[in-house]
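What follows is the residue order along each chain.
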Amino acid sequence: MTAAYWDAEPGRAEFITHNAVPAIKIRGGGAGELFTNRAQVVLKDVEFTNGTIHFDVELTDFFLSAIHFRRADAQHSDLFYLRTYRADDPTGPDAVQYTALTKGVALWDLHPRYQGPAVLHKEGWNHIKLVVADRHMQVFVNSETDPTLVVPQLAGEASAGRIAFEGGGIFANLVIEPGDTPDVSPEAGFDPTRYDHRYLHSWEVTQPVALPPGRELVSASGASIYSEHLPSDETVWETINAERDGLVNLSRRFGGNEARRVVWLKKTITSRADQSRQMSLGFSDEVWVLVNGRLVYVDKNLYGHPIMKDPFGQISIDDTTFTLPLSAGENELLIGVANSFFGWAIMARLDNMDGITAD
């Protein structure tokens, strides 16, 4: 924990002795610097694949303290962090969280299942232990025996990479034990949606186009989509498949959006008869749903706004449920998805597949 072993932006890290041990004091910086090369303090010459990582952190920032591992570069890593404002609040449902950093976007709003409460001390050391085995991870916070968080399938894109610290805090006592993964299976945990045929796992998707702030796809009457935004015969479609939990991860394909952008997702649903089905839809951040050219649903899930869904504007299959009117034969389902804030994605599930096929 001395300067010779770390790469850091000038002024970002101070190498000190704290509580009689060598330590790194990191300045948290503003939200605009989060998850950038400027913010990350990177351990030199150590390539981490599997094993156990121990470290201690004293919380100094009212925001977050984070560790990156399997860091391929400043824009791609696995990421675990403490929401430090939850210190001394063991009931806080989001005190700790794991997510992936993909194309420079932290996908925290796409992974609400990978967060939970923890005992975080506002004063003194907090001991963190990560046990990483291929696609599976267990996290221990101020405990050696009971996992605080279990991640059944890591979402990062690299199998090996650097270790880095980020966010405000004093970090010390870093110990890396390569290959030491006691009691953690290297196999990804079972995905309960994989064989649930109600989930729509495969879609066609367009390339993103700009949708300026304040501009809506819906006409002034609210009855239809502006024709200039609809796909045409010249539209190029590509296949995109859902990840774990039925997540159609647009961020992994297209990166994030500093400015608002929109794509269209398309699915053909064939019905034996005229019928109505209920669709559960999780989404981030805005959706417009059409069936056979008819607008049937519009909604927004905007973090920090009264309209955001539980939990805290993050995606969930429980975000909304609405009716899909299906005709006998083939039906075209179109979903416009817009985003300008961290990750964007959908997850879609029908209530019943009796008499229905989804190609």
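Residues numbered from 1 in each chain as written. Predicted model: local features only at pLDDT ≥ 70, side-chain atom pairs only at ≥ 80, totals over all residues. Heavy atoms only, no water.

## Quick notes on the pattern of salt bridges
Then comes step 1: Applying the stated rule across the entire model yields 19 salt bridges.
Then comes step 2: Across the pair arginine 252 and glutamate 157 runs a salt bridge whose closest N-O atoms are separated by 3.1 Å. Pair noted here: arginine 252 is in helix α1 (residues 250-254) and glutamate 157 is in the loop between β13 (149-151) and β14 (162-167), with a separation of 95 residues, a long-range link.
Then comes step 3: Accessibility expressed as a relative area gives 45% for glutamate 157, which makes it partly exposed.
Then comes step 4: For the salt bridge of glutamate 216 with lysine 300, the shortest nitrogen-to-oxygen distance reads 3.0 Å. In this pair, glutamate 216 is assigned in the loop between β17 (209-210) and β18 (238-241) and lysine 300 in strand β23 (residues 294-300), connecting sequence segments 84 residues apart. (Salt bridge = Lys/Arg side-chain N within 4 Å of Asp/Glu carboxyl O. Helix = DSSP H or I, 4+ residues; strand = E, 2+ residues; numbered from the N terminus. Buried < 20%, exposed > 50% of the residue type's maximum accessible area, 1.4 Å probe, protein only.)

## With respect to a nonpolar patch on the surface
Then comes step 1: The grouping of Phe62, Phe63 and Tyr85 at the surface amounts to a nonpolar patch, some 320 Å² of accessible area in total.
Then comes step 2: You can call phenylalanine 63 partly exposed: its relative accessible area is 32%. (Patch = residues over 30% accessible without salt bridge, like charges linked within 9 Å, V, L, I, M, F, W, Y side chains within 5 Å. Areas by Shrake-Rupley, 256 points an atom, 1.4 Å probe, with all protein chains shown as cover.)

## Focus: the sheet that holds strand β19 (residues 248-249)
Then comes step 1: In space, the 4 strands of this open sheet follow the order β19-β26-β21-β24, with antiparallel pairing throughout. Strands with a single pairing partner mark the edges of an open sheet, and in this sheet they are β19 and β24 (320-326).
Then comes step 2: In this sheet, strand β26 (residues 345-350) lies alongside strand β21 (residues 275-284) in antiparallel orientation, the contact comprising 6 bridges. Looking across to β26, one finds that phenylalanine 283 is bridged to isoleucine 346. (Pairing = 2+ DSSP bridges.)

## So, the nonpolar core
Then comes step 1: Among the nonpolar cores identified, the biggest contains 37 residues, and Phe69, Phe80, Tyr98 and Leu130 are the most heavily contacted of them.
Then comes step 2: For leucine 130, the residues in contact, after removing those within four places along its chain, are Gly51, Thr52, Ile53, Ile67, Phe69, Phe80, Met137, Gln138 and Val139.
Then comes step 3: If you look at the next biggest cluster of nonpolar residues, it comprises 29 residues, including Phe254, Ile269, Phe322 and Ile356. (Core = buried A, V, L, I, M, F, W, Y, C linked by side-chain atoms within 4.5 Å. Contact = heavy atoms within 4.5 Å.)

## So, the sheet that holds β13
Then comes step 1: Spatial ordering of the open sheet is given by β2-β3-β15-β5-β11-β12-β13, a layout of 7 strands whose pairing is antiparallel. In this open sheet, the two strands that pair with only one neighbour each are β2 (13-18) and β13. Between one strand axis and the next, the sheet turns by 25° as a mean value, whatever way the strands run.
Then comes step 2: In the sheet, strand β5 (residues 51-58) pairs with strand β15 (residues 169-178) via 7 bridges, with the strands oriented antiparallel. Of the residues in β15, the one forming a bridge with isoleucine 53 is isoleucine 176. (Axes fitted to C-alpha atoms, helices over the stretch in contact; angles between N-to-C directions.)

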